[in-house]
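Structure assessment
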Amino acid sequence: MLRAGVVAVQGDVSEHAAAIRRAGAAHEEEVDVIEIRQSGHVADCDVLLLPGGESTAISRLLASEGIDEEIREHVAAGKPILATCAGLIVASSDANDERVDTLDLLDVTVDRNAFGRQVDSFEAPLDVAGFDDPFPAVFIRAPAIDEVGEGVEVLAEWEGRPVAVRDGPVVGTAFHPELTNDSRIHDLAFFEELAVEA
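Quick summary incoming for the structure in this document. (Residues numbered from 1 in each chain as written. Predicted model: local features only at pLDDT ≥ 70, side-chain atom pairs only at ≥ 80, totals over all residues. Heavy atoms only, no water.)

Here we come to the packing of aromatic side chains. Taken as a whole and judged by the stated rule, the model has 5 aromatic pairs. The interplanar angle of 10° and the centroid separation of 4.7 Å between the aromatic rings of Phe 122 and Phe 139 together place this pair among those described as stacked. Within this pair, whereas Phe 122 is found in strand 7 (residues 122-126), its partner Phe 139 is found in strand 8 (residues 135-139), the two being separated by 17 residues in sequence. On the basis of relative accessibility, which here comes to 25%, the residue Phe 122 falls in the partly exposed class. A relative accessible area of 1% places Phe 139 in the buried class. Three or more aromatic residues joined by ring pairs make a cluster, and in this case those are Phe 122, Phe 131, Phe 135, Phe 139, Trp 158 and Phe 175. (Phe/Tyr/Trp six-rings, centres within 6.5 Å; stacked < 30°, edge-to-face > 60°. Helix = DSSP H or I, 4+ residues; strand = E, 2+ residues; numbered from the N terminus. Buried < 20%, exposed > 50% of the residue type's maximum accessible area, 1.4 Å probe, protein only.)

Here is the structure:
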């Protein structure tokens, strides 16, 4: 059984839980999902999901609850994490905003709200590295990645800007993969290596 922790201080918690359960079922892997709102639970998790929301609020809540250091330790141990939209901003090394205390898990610089405000939200067929068919990416007040470090793999771009990346065990997306019935991003973040090992 795989234990997945969804950092539940903000964002699409139930949608992420459903998505990782779908991805697990495709690999005949039962997934036990726990919602993390305070410290003391991250160490029990095999994988983590860091949903969207409002990045300044998320970073503040993670720090005040002591979850931020636990997430850093999770990644330092080589355990995977999927960070989406505002989660990507918080996971970055530079959010271009002093109000966001980033986790420095992804060696990227992020442009918050790069694709506009809530009214500018859109869905786009996204070509993702390793996918046979485009992914139906949902962008809501989405960030974009301005710069990537040397060890960062760009998995997808939109309008010439990176919107999905991998840095070691961390996958970050500017869009919301949990808002579709397509669990391939969760599969890529958490089950790809298991499939290779099998």
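From this point, the discussion proceeds with the structure in view.
Our focus in this paragraph is the pattern of salt bridges. In this structure the tally under the stated criterion is 9 salt bridges. With a closest N to O distance of 2.7 Å, Glu 69 and Arg 72 form a salt bridge. Here Glu 69 pairs with Arg 72, and both are found in helix 3 (residues 67-76), just 3 residues apart, close to one helical turn. Overall, the relative accessible area of 41% leaves Glu 69 in the partly exposed class. Residue classification places Arg 72 among the partly exposed residues on the basis of a relative accessible area of 24%. Residue Asp 97 pairs with Arg 99 through a salt bridge whose shortest N-O separation is 2.7 Å. Here Arg 99 falls in the exposed class, since its relative accessible area comes to 59%. A cluster of three or more residues bridged by salt bridges with shared partners is formed by Asp 68, Glu 69 and Arg 72. (Salt bridge = Lys/Arg side-chain N within 4 Å of Asp/Glu carboxyl O.)

So, on to the nonpolar core. Core analysis: the largest hydrophobic core is formed by 63 residues, its most contacted members being Ile 20, Leu 50, Leu 62, Ile 71 and Phe 175. Per-element tally for this core: the top contributor is helix 4 (residues 86-91), with 5 residues. Beyond its immediate stretch of four places on either side in the chain, Ile 71 contacts Val 7, Val 42, Leu 48, Leu 62, Ile 81, Leu 103 and Leu 105. (Core = buried A, V, L, I, M, F, W, Y, C linked by side-chain atoms within 4.5 Å. Contact = heavy atoms within 4.5 Å.)

Moving on to the sheet that holds strand 12 (residues 170-173). The strand order 2-1-3-4-12-11-10 describes an open sheet built from 7 strands, whose pairing is mixed. Unpaired on one side and paired on the other, strand 2 (31-36) and strand 10 (153-158) mark the two borders of the sheet. For this sheet, the mean angle separating the axes of adjacent strands, direction not counted, is 20°. Both strand 1 (residues 2-7) and strand 3 (residues 47-50) contribute to a ladder of 3 bridges, which runs parallel. Its bridge partner lying in strand 3, Gly 5 is registered against Leu 48. (Pairing = 2+ DSSP bridges. Axes fitted to C-alpha atoms, helices over the stretch in contact; angles between N-to-C directions.)

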